Amino acid sequence: MMWVEEIETLPRSGLDSIQLKRLQALVHRVYDKVQPYRNKMDQAGIRPDAIRTLADLRKLPFTTKDDLRASYPFGLFATPMDDVIRVHASSGTTGQSTVVGYTASDINLWATVMARCLTMAGVTRGDMVHNAYGYGLFTGGLGAHYGIEALGATVIPVSGGNSRRQVTIMRDFGSTVLLSTPSYALNLADAMADVGITAAELRLRVGIHGAEPWSESMREEVERKLGIKAVDIYGLSEIIGPGVAMECLHTEHGMHILEDNFLPEIIDPDTMEPLPYGEAGELVFTTLTKEAFPLIRYRTKDISRLFLEPCGCGRTLVRMEKVTGRTDDMLIIRGVNVFPSQVEQVLVGIEGVEPHYQIEVTRDGNLDIMAVLVEVSEHIFSDEIKVLENLSRKIQADIKDMLGVTCKVKLVEPRSIQRSEGKAQRVIDKRKL
Ligand code: DLL
């Protein structure tokens, strides 16, 4: 168990004073060590010692994904590279992906917050944990892995894919806890049906699912098909990876944020003013304890709400509502974060293609299917079938290279994609979550 009672059940004033101390130290540190932060603070006329209370947080400038891209790959790191022992990256396999780094102490912190999250779901040393989050640049697999080990439970580092084999492993090894995206949990349920293994033959007790949005009806389906209690876990690479917030077994109303490390705010995405508890808006985080890649007021673009009401588990940590949407157009396709602008970037480099396109997302069973409709130019359209086939194959391969996602490509006639009068509607998301 990793139940840090002296922090997790602190009265508000105790948590506030820990946060303030850490925030002050952080602001001094980034001002001294990270040029882009110093520039931004200078521009805003803020000196580090202007932070006297937690309310002064709002004086600090926001950080956005664009800031991260502008300092790609390591420009926002606050420690020398010699002290960085791991990097991860999200969204896209090339160019402007978001790169994050960890010192040894950051990896330790990550393992601890992840272990604290697992504890919220009742995971203990005695558990056999089936970790089906992807291992690699994605933070899911390795982030969860270190947390499971820190807790002292047994980790099965199975990663994603090969679902039938996974089901056999779950049965033979007696997995008691499943970690996966919610959609992959449903895939595993299908694979069970395919190989003829029933939930009753498994020892699974709880599933910890996140990395993509999922609804209450999906939760019911996962619980019914796998015979488990399914809980939500939230995180993002920029802030640390999985382990930022987690549902406990007492609540169906939000995830406890590990706010001794990750200081949350909700802002109005238009006015950028902080909103009071209970109101929906964009979630913003400041990392209070990270060394290599600290972030100040990072705009997640995720929409949520914060609640302070006491929870049955005894934790006083603030809770965030299940993420209900985003303020930008980011899509999550089979666990990969995809921005329509990345698809556009591929298309503009291809001869014979018009800059008119639409991305259609559907779900076949539990699998996300992305189709890209692309207008071709007049002269290509009247060409032979073979030319069109080659073009479509090239677009598919280039998108796969750029994003790591296989999509369907449909070439359509010139001027057949509806022109909009304002903002083009690039995405049609037909998934019913
Ligand atoms: O998805 C980290 C993670 C791994 C979380 C495993 C939970 C479990 P990124 O790839 O950087 O990191 O994607 C972060 O995914 O801004 C949200 O839009 C979305 N997301 C993550 N968790 C949830 C969730 C990982 N529980 C982006 N519900 C975030 C809804 C989620 N969306």
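Residues numbered from 1 in each chain as written. Predicted model: local features only at pLDDT ≥ 70, side-chain atom pairs only at ≥ 80, totals over all residues. Heavy atoms only, no water.

A word on helix α2 (residues 12-33)
Spelled out, the test is: Only DSSP runs of H or I with at least four residues qualify as helices, and only runs of E with at least two residues qualify as strands; both kinds are numbered from the N terminus onward. Residue count minus one, scaled by 1.5 Å, sets the expected span of a helix. Buried residues are those whose accessible area, probed at 1.4 Å on protein chains only, stays under 20% of the maximum for their type, while exposed residues exceed 50% and partly exposed ones sit between those limits. Here, two residues are considered to be in contact whenever any of their heavy atoms come within 4.5 Å of each other.
In this model α2 runs 31 Å from its N-terminal to its C-terminal C-alpha over 22 residues, within 8% of the 32 Å that 1.5 Å per residue would give. Among all positions of α2, only G14, L15, I18, Q19, L20, L23, L26, V27, V30 and Y31 are buried. Residues of α2 that are buried in the fold lie against α1 (5-8), α3 (35-44), β10 (262-267) and β11 (281-287).

Description of the sheet that holds strand β19 (residues 367-376)
Backbone hydrogen bonds are what pair the strands of a sheet, in a parallel or an antiparallel way. Where we set the bar: Only strands joined by at least two bridges in the DSSP assignment are considered to pair. Simply put, an axis is a line fit to the C-alpha atoms, just over the touching stretch for a helix, and the angle between two N-to-C directions goes from 0 to 180 degrees.
Strands sit in the order β20-β19-β18-β21 across an open sheet of 4 strands; the sheet is mixed. Of all the strands in the sheet, the pair left with one neighbour each is β20 (408-412) and β21 (427-429). Taking each pair of neighbouring strands and ignoring which way they run, the sheet shows an average axis angle of 20 degrees. Relative to β19, strand β18 (residues 353-364) runs antiparallel, the two sharing 9 bridges. Bridge pairing in β19 places V353 opposite V376.

Examining empty space enclosed by the protein
The cut-off we apply is this: The pocket and cavity definitions rest on a 1 Å grid over protein atoms only: a 1.4 Å probe that fits but cannot leave marks a cavity, an open set with protein on both sides within 12 Å along at least five of seven lines marks a pocket, and residues lining either have an atom within 4 Å of a point. Grid points are joined across faces, edges and corners, and a volume is the space filled by probe spheres set on the points. Amino acid classes used here: Ala, Val, Leu, Ile, Met, Phe, Trp, Tyr, Cys and Pro are nonpolar; Asp, Glu, Lys and Arg are charged; the rest, including Gly, are polar.
According to the stated counting rule, one finds 1 cavity of 30 Å³ or more in the structure shown. There is about 40 Å³ of room inside the largest cavity. L68, S71, P73, F74, G75, L76, V99 and F293 are the residues that line the largest cavity. Tallied by class, the residues present in the lining of the largest cavity amount to 6 nonpolar, 2 polar and no charged.

Looking at the environment of L317
Inspection of the secondary structure puts L317 in the loop between β13 (306-307) and β14 (319-320). Distance in space between the C-alpha atoms of L317 and I107 is 22 Å, their sequence separation being 210 residues.

Quick word on the packing of α2 against α3
Worth spelling out the cut-off: Any angle from 65 to 115 degrees is called roughly perpendicular, while one under 35 is roughly parallel, one over 145 is roughly antiparallel, and all others are oblique.
Contact geometry for α2 and α3: axes closest at 6 Å, N-to-C directions at 105 degrees. Here α2 lies roughly perpendicular to α3, going by the angle between them. Mapping the contact onto sequence places V27, V30, Y31, D32 and K33 in α2 and Q35, Y37, R38, M41 and D42 in α3. Its residues placed into classes, the contact of α2 with α3 shows 5 nonpolar, 1 polar and 4 charged.

A word on the pairing of strand β12 (residues 298-304)
Within a regular beta strand, the side chains point alternately toward one face of the sheet and then the other, so they alternate between its two faces. Among the 7 residues of β12, 5 are classified as buried, and the element is accordingly described as predominantly covered. Looking at chain direction, β11 and β12 are connected through 4 bridges and run antiparallel. The residue bridging F285 from the neighbouring strand is Y298, located in β12.

Topic: the nonpolar core
Note on soluble globular proteins: their nonpolar side chains tend to be buried together. Operational definition: The definition of a nonpolar core used throughout is a set of buried Ala, Val, Leu, Ile, Met, Phe, Trp, Tyr and Cys residues joined through side-chain atoms within 4.5 Å.
By size, the foremost hydrophobic cluster in this structure holds 79 residues, and its most contacted members are L179, I208, Y234 and M320. Beyond its immediate stretch of four places on either side in the chain, Y234 contacts P242, G243, V244, A245, M255, L283, F285, T300, D302, M320 and V323. Core analysis: the next-biggest nonpolar cluster, separate from the first, contains 26 residues, I359, V374, V376 and I380 among them.

A look at the packing of helix α5 (residues 104-120) against helix α6 (residues 139-151)
A pair of packed helices is characterised by two quantities: the angle between their axes and the separation of those axes. Between α5 and α6, whose axes approach to 7 Å, the crossing angle comes to 75 degrees. With respect to each other, α5 and α6 are oriented roughly perpendicular. Facing I107, W110, A111, M114, A115, L118 and T119 of α5, the residues of α6 in contact are T139, G143, A144, Y146, G147, I148, A150 and L151. The class makeup of the residues in the contact of α5 with α6 is 11 nonpolar, 4 polar and no charged.

Remarks on the packing of aromatic side chains
In plain terms, the rule: Each pair of aromatic rings taken from Phe, Tyr and Trp, with Trp reduced to its six-membered ring, is defined by centres within 6.5 Å and is described as stacked if the planes are under 30 degrees apart, edge-to-face if over 60, and tilted in the remaining cases.
Taken as a whole and judged by the stated rule, the model has 4 aromatic pairs. Geometrically, the ring pair formed by F74 and F77 is tilted, given 5.2 Å between the ring centres and 45 degrees between the ring planes. The class of F77 is buried, set by a relative accessible area of 7%. Measuring from centroid to centroid gives 5.7 Å for F77 and F293, while their planes differ by 75 degrees, and the two rings are edge-to-face.

Section: unusual backbone geometry
Geometrically, the link from Y72 to P73 is a cis peptide bond, its omega value of -5 degrees lying close to zero. Take P73: it is sitting in the loop between α4 (65-70) and β1 (84-90). Even without a glycine there, the phi angle at S159 is positive, about 60 degrees. Overall, the relative accessible area of 17% leaves S159 in the buried class. Of note in the backbone geometry, A211 takes a positive phi value of approximately 80 degrees without being a glycine. Residue placement: A211 occurs in the loop between β6 (206-210) and α9 (216-226).

Some words on the domain arrangement of the protein
Selection criterion: Marked domain ranges trace back to an automatic or database domain assignment. Here the quantity called buried area is the accessible surface, traced with a 1.4 Å probe, that two parts lose on coming together, added over both. Any Lys or Arg side-chain nitrogen found within 4 Å of a carboxyl oxygen on Asp or Glu counts as a salt bridge. Any pair of N or O atoms that falls within 3.5 Å is considered a polar contact. Within protein, one atom must be able to donate a hydrogen and the other to accept it, and sequence-neighbouring residues count only if both atoms are side-chain atoms.
Domain boundaries in the protein define domain 1 (1-328) and domain 2 (331-429). Centre-to-centre separation of domain 1 and domain 2, based on C-alpha positions: 32 Å. On the domain 2 side, the residues contacting the 15 residues of domain 1 number 12 residues. A combined buried area of about 1100 Å² lies between domain 1 and domain 2, and 45% of that area is made up of carbon and sulfur atoms. Where domain 1 touches domain 2, the interface holds 0 salt bridges. Along the contact surface separating domain 1 from domain 2 lie 3 residue pairs in polar contact (both at pLDDT 80 or more). Sorting the residues of the side of domain 1 that touches domain 2 by element identifies α4 and α8 (182-195) as the ones contributing at least two each. Considering each element in turn, the side of domain 1 that touches domain 2 owes the most residues, 4 residues, to α8.

Quick notes on the site of the ligand
Selection criterion: We call a residue near a molecule or strand whenever a single non-hydrogen atom of that residue lies within 4 Å of it. To measure how exposed things are, a 1.4 Å probe is used in the Shrake-Rupley method; for residues, cover is taken only from the protein chains shown.
Neighbouring the ligand are 23 residues; A211, D232, I233, S237 and D302 lie closest to it. Take A211: an N or O atom from its main chain is 3.1 Å from a nitrogen atom of the ligand. Separating an oxygen atom of the ligand from a side-chain N or O atom of R326 is a distance of 3.2 Å. With the chains in place, 97% of the 610 Å² that the ligand exposes on its own is no longer accessible.

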